[in-house]
Amino acid sequence: MKYRLRVEIVSFKSLASLSTGKYLLLGNEAIARGALEGGLGFAAAYPGTPSSEILESLVSVRDVLGIHAEWSVNEKVAFEAAYGASLAGVNALTAMKHVGVNVAADPLMSSAYTGVEGGFIVVTADDPSMHSSQNEQDNRWYGLHAYIPVFEPFDAGEAKEMTKYALTFSRSFKHPVIIRTTTRVSHTRGVVELGPIPELRSKGRFVKEDRYVVMPANARGNKVRLLSKWREISEAVNDAPFNRVEGDGRVLVVSSGNAYGYVVEALKHFRVRDKVRLLKVGTTVPLPKRLLIRAAEGVERILVVEELDPIVEEGVKAALYDVGFRVKVRGKDLVGYEFELNHVRVRRAIAEFLNLGYVGPQARPQPRDGVPARIPTLCPGCPYRPLFFELRRLVNQEKMSYIASGDIGCYSLSYNPPYRMQDVMIEMGSSIGVGYGLSVTTDDNVIAIIGDSTFYHAGLPPLLNALWHGSPMVVLILDNEVTAMTGHQPAPSTKGRDGTRYIPAENIVAGFGIKFIEVVDPYDVKAVRETVKKALRYVREAREPAVIIARRRCALEAVRDVRRAGVEIVPYVVLDDKCVGCGICYDWFLCPAITTKEGRKAYIDPELCVGCSACAQVCPTKAIVPLKDYNKEEVERFWR
Ligand code: SF4
Ligand code: SF4
């Protein structure tokens, strides 16, 4: 009799009361579940793809399970909050994308010195191939750098078990643990077997100890204790259930994380699974050396397959050298350094390593795998579109020498044509910091463009600096009242969600002492133009920053609420007899709902149009009108 395994996709929240069963969870949901099963009491994060669903999941169950789960203003603050909770003995987690760890690196380095009291997990979700990131840094280096163990799951099922284990491991060694995932693990669903969630505790007690005060005298003692603990941890990882030797043979393949799955499939593909010894490494920092040496005994050569940097490869070479093994270790020379791994790359590497004469598709590391390029664009109804349209029109018409200093968020899409309103963009908060440097070293008009969430995250210190030193710069805060690009997590600009407080940007900048502060509606293109011109005049004369806050809700949020309220969305249409085919609406304004038809006349797709009305303002012949009369005020209230 054949049984079919039935595995369901369900909401994370609906699993909160279950302690058995198999469900299809995202890797990120599996981490959240593992943390709960491990006794989590406190979680804090700043959103960033591919990590965001971890805290999303925990927020969805916080009231049911009585834990604390919060979105913090940046990764450093999230880290510090979770670290503080763990000092009180509460099991804590913080999660961020790989570049977020750079923001949190300062407390991260010292947290290994002080140690913790409750279990403390730092999840870094790395992004090989940079699907939504500015670089593809391999954060396993942070573990090596900071003396913090790094656990690397290869699928959702292991991610859950590993997170649960990591909390206990961390608690028993009183030491932070990094869990490192990559996009494929974070965003792929896999079968996860649920276990019981113990009674969760979000309150603890802080016992004062000198080691928590990292004055030099205490820090020196901490370093000695840290190294001693590191030796114990290095020994303990040999017994971690995620490190194991599989199969046997005269050649050894060592693999970790996502790469392990590719290796297993490649060995099956070549029908050599039983001829190859395979060391699966779940704790890449520190390596399970005892296990490695046992696995390497008697083998003729070794291949290390891992994604991005040669962390395991270098560790394997060093460990074997230390015990006198002189065996050829290959890795990055066959696998390649850059971009995500895939089946073809791993098969090629294994075939070459095993002399299998494989002829298959070429497997050079590729940033894209044949998918046609598609320029990412702002959503229909996005409040930033009319703003960028008007800014572009202004600088063109005035033949203005300007530098648009950009930042990370939806508005980074304005780098693309036709707006081209990002000349430099490095990291969160850099628009104001880099803009400051440019404003004092050039004669150009510097316009720093930053979103609301990014402003709270990392924009405050550079703005303070710019004011302090008198920087002639216009700072444009694009306030759509949410952290939109990562999935609509709340920010201090979000009005009344989660019982948190609304803290408008103008209150903060007024507190700094900024004198020029204006709030405009980005849909009002005339007001945008006049305000930007006025601000540029002001900064030239006053030699200090001016702040413009362009405020209107994210279109996705507003439209969702309009629909929920049962209010009809009236799309806009183009009047053929009035349209002269000038192209302003489809070549320059570029709403995805607007295309062309014969005679270069414009056409609005009613399925995509959200009735925002912005395009009607930019049409010179007034050819764009609502499909029918409607109460504009009734709809407008959802956008404010
Ligand atoms: S902006 Fe107006 S006139 Fe120009 S193509 Fe669009 S609808 Fe036609
Ligand atoms: S009203 Fe115009 S700008 Fe707004 S969504 Fe529709 S087509 Fe796009």
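Nothing here was measured: the structure is a model prediction, and the numbers come from that model.

Counted residue by residue, strand 19 (residues 546-551) has six buried out of six residues, so it is predominantly covered. In the sheet, strand 17 (residues 473-479) pairs with strand 19 via six bridges, with the strands oriented parallel. Within the sheet, the bridge partner assigned to Asp479 lies in strand 19 and is Arg551.

To continue, consider the site of ligand 2. Surveying the vicinity of ligand 2 reveals 13 residues, the closest of which are Cys591, Cys609, Cys612, Ser613 and Cys615. Its residues assigned to classes, the shell around ligand 2 comprises eleven nonpolar, two polar and no charged.

So, on to the side chain of Asn28. For Asn28, the location among the structural elements is in helix 1 (residues 27-37). For Asn28, a relative accessible area of 0% corresponds to the buried category. Within the local environment of Asn28, its side chain forms a polar contact with the backbone oxygen of Pro50, the two atoms lying 2.8 Å apart. Excluding residues that lie within four positions of it along the chain, Asn28 makes contacts with Pro50, Ser51, Ser52, Glu53, Ile54, Ser186 and His187.

Right, let's get into the packing of aromatic side chains. Summed over all chains, the structure comprises 19 aromatic pairs. Taking 5.6 Å as the distance between ring centres and 85 degrees as the angle between the ring planes, the aromatic pair formed by Tyr147 and Trp230 counts as edge-to-face. With a gap of 83 residues between them, Tyr147 in the loop between helix 5 (140-146) and strand 6 (150-151) and Trp230 in helix 8 (residues 216-236) connect regions that are remote in the sequence. Judged by its relative accessible area of 25%, Tyr147 is partly exposed. On the basis of relative accessible area, Trp230 is assigned to the buried category, the value being 14%. Each ring, one from Tyr384 and one from Tyr411, has its centre 6.0 Å from the other, and the planes form 80 degrees; the classification is edge-to-face. Of the two residues, Tyr384 is situated in helix 14 (residues 384-397) and Tyr411 in the loop between strand 15 (402-405) and helix 15 (430-441); the sequence distance between them amounts to 27 residues. The two residues Tyr384 and Tyr411 agree in class, both being buried. The structure contains a cluster of three or more aromatic residues connected by ring pairs, namely Phe151, Tyr165, Phe169, Phe173 and Phe242. Above the plane of the ring of Tyr260 lies Lys280, whose end atom (NZ or CZ) is 5.6 Å from the centre. Stacked on the ring of Tyr523, the Lys or Arg Arg552 has its end atom at 3.9 Å from the ring centre.

Another aspect to go through is the nonpolar core. Core analysis: the largest hydrophobic core is formed by 71 residues, its most contacted members being Leu40, Leu58, Leu93, Leu108, Phe120, Val123 and Phe169. Per-element tally for this core: the top contributor is helix 6 (residues 156-173), with seven residues. Within the second largest apolar cluster, 54 residues are counted, among which are Ala404, Ile449, Ala505 and Ile508.

Across a sheet, strands are paired by hydrogen bonds formed along the backbone, either parallel or antiparallel in direction. Within the open sheet, the five strands sit side by side as 9-11-10-13-14. Their pairing is mixed. One side of each edge strand has no neighbouring strand; the edge strands of this open sheet are strand 9 (244-246) and strand 14 (328-330). Going across the sheet, the axis of each strand differs from the next one's by a mean of 20 degrees, ignoring polarity. As defined by bridge partners, strand 10 (residues 251-256) adjoins strand 11 (residues 276-281) across six bridges and the pair is classed as parallel. Looking at the pairing, Val254 lines up with Leu279 of strand 11. Sitting on the sheet, helix 9 (residues 258-269) touches strand 9, strand 10, strand 11 and strand 13 (301-305), and the angle it makes with strand 10 is about 145 degrees.

A word on helix 11 (residues 311-322). Helical geometry: 3.6 residues make up each α-helical turn, so side chains three or four residues apart lie on a common side. Its twelve residues place the ends of helix 11 17 Å apart at the C-alpha level, agreeing with the 16 Å of an ideal helix rising 1.5 Å per residue. Those residues of helix 11 that sit buried are Ile311, Val312, Glu313, Val316, Ala319 and Leu320. Downstream of helix 11 by one or two residues, Gly324 has phi in the positive range, about 85 degrees.

Let us now look at the sheet that holds strand 5 (residues 120-126). With respect to topology, seven strands assemble into an open sheet ordered 3-2-4-5-7-6-12, the strand pairing being mixed. Looking along the sheet, the strands with just one partner apiece sit at the ends: strand 3 (68-71) and strand 12 (283-285). With two bridges connecting them, strand 6 and strand 7 (residues 177-182) associate as parallel partners. Pairing of Val150 across the sheet is with Ile178, part of strand 7. Lying on the sheet, helix 6 is in contact with strand 4 (92-97), strand 5, strand 6 and strand 7; it crosses strand 7 at an angle near 160 degrees.

Counted by the stated rule, this structure contains 45 salt bridges. Close ionic contact of Glu300 with Arg301 constitutes a salt bridge, the shortest N to O distance being 4.0 Å. The partner of Asp521 in a salt bridge is Arg640, with the nearest N and O atoms 3.5 Å apart. Placement of the pair is Asp521 in the loop between strand 18 (516-520) and helix 18 (525-542) and Arg640 in the segment after helix 22 (632-636), with a sequence separation of 119 residues. Residue classification places Arg640 among the exposed residues on the basis of a relative accessible area of 52%.

Along the polypeptide, Glu158 turns up in helix 6. A relative accessible area of 8% places Glu158 in the buried class. Contacts of Glu158, omitting those with residues within four sequence positions, involve Glu152, Pro153, Phe242 and Lys280.

Before going further, it helps to spend a moment on the environment of Arg560. Locating Arg560 in the fold gives a position in helix 19 (residues 555-564). Judged by its relative accessible area of 33%, Arg560 is partly exposed. Linking Arg560 and Phe638, residues 78 residues apart in sequence, is a C-alpha distance of 9.3 Å.

Next up on the list: the pairing of strand 17. Among the seven residues that make up strand 17, seven are buried, leaving the element largely enclosed by the rest of the structure. Burial along strand 17 is two-sided: Met473, Val475, Ile477 and Asp479 facing one way and Val474, Leu476 and Leu478 facing the other are all buried. When strand 16 (residues 445-451) meets strand 17, the two strands line up parallel, connected through six bridges. Directly across from Ile447, in strand 17, lies its bridge partner Val474. Once the chain exits strand 16 it traverses helix 16 (residues 452-468) before rejoining the sheet at strand 17, and the crossover so formed is right-handed.

Here Asn243 lies in the loop between helix 8 and strand 9. Each C-alpha atom, one on Asn243 and one on Leu279, is 7.3 Å from the other, the two residues being 36 residues apart in sequence. If we ignore the near neighbours within four places in the chain, the residues touching Asn243 are Val237, Lys280, Val281, Gly282, Thr283, Pro288 and Leu291. Here Gly282 takes part through its backbone nitrogen, which lies 2.6 Å from a polar atom of the side chain of Asn243. Of note is the side chain of Asn243, whose polar atom sits 2.9 Å from the side chain of Thr283.

What counts as what
Residues numbered from 1 in each chain as written. Chains lettered and ligands numbered in written order. Predicted model: local features only at pLDDT ≥ 70, side-chain atom pairs only at ≥ 80, totals over all residues. Heavy atoms only, no water. Buried < 20%, exposed > 50% of the residue type's maximum accessible area, 1.4 Å probe, protein only. Helix = DSSP H or I, 4+ residues; strand = E, 2+ residues; numbered from the N terminus. Pairing = 2+ DSSP bridges. Near = heavy atom within 4 Å. Nonpolar A, V, L, I, M, F, W, Y, C, P; charged D, E, K, R; others polar. Polar contact = N/O pair within 3.5 Å; in protein donor to acceptor, adjacent residues only side chain to side chain. Contact = heavy atoms within 4.5 Å. Phe/Tyr/Trp six-rings, centres within 6.5 Å; stacked < 30°, edge-to-face > 60°. Lys NZ or Arg CZ within 6 Å of the ring centre and 35° of its normal. Core = buried A, V, L, I, M, F, W, Y, C linked by side-chain atoms within 4.5 Å. Axes fitted to C-alpha atoms, helices over the stretch in contact; angles between N-to-C directions. Expected span 1.5 Å × (residues − 1). Salt bridge = Lys/Arg side-chain N within 4 Å of Asp/Glu carboxyl O. Right-handed = clockwise from strand over helix to strand, strands pointing away.

Function cannot be read off these values alone, since they describe shape.
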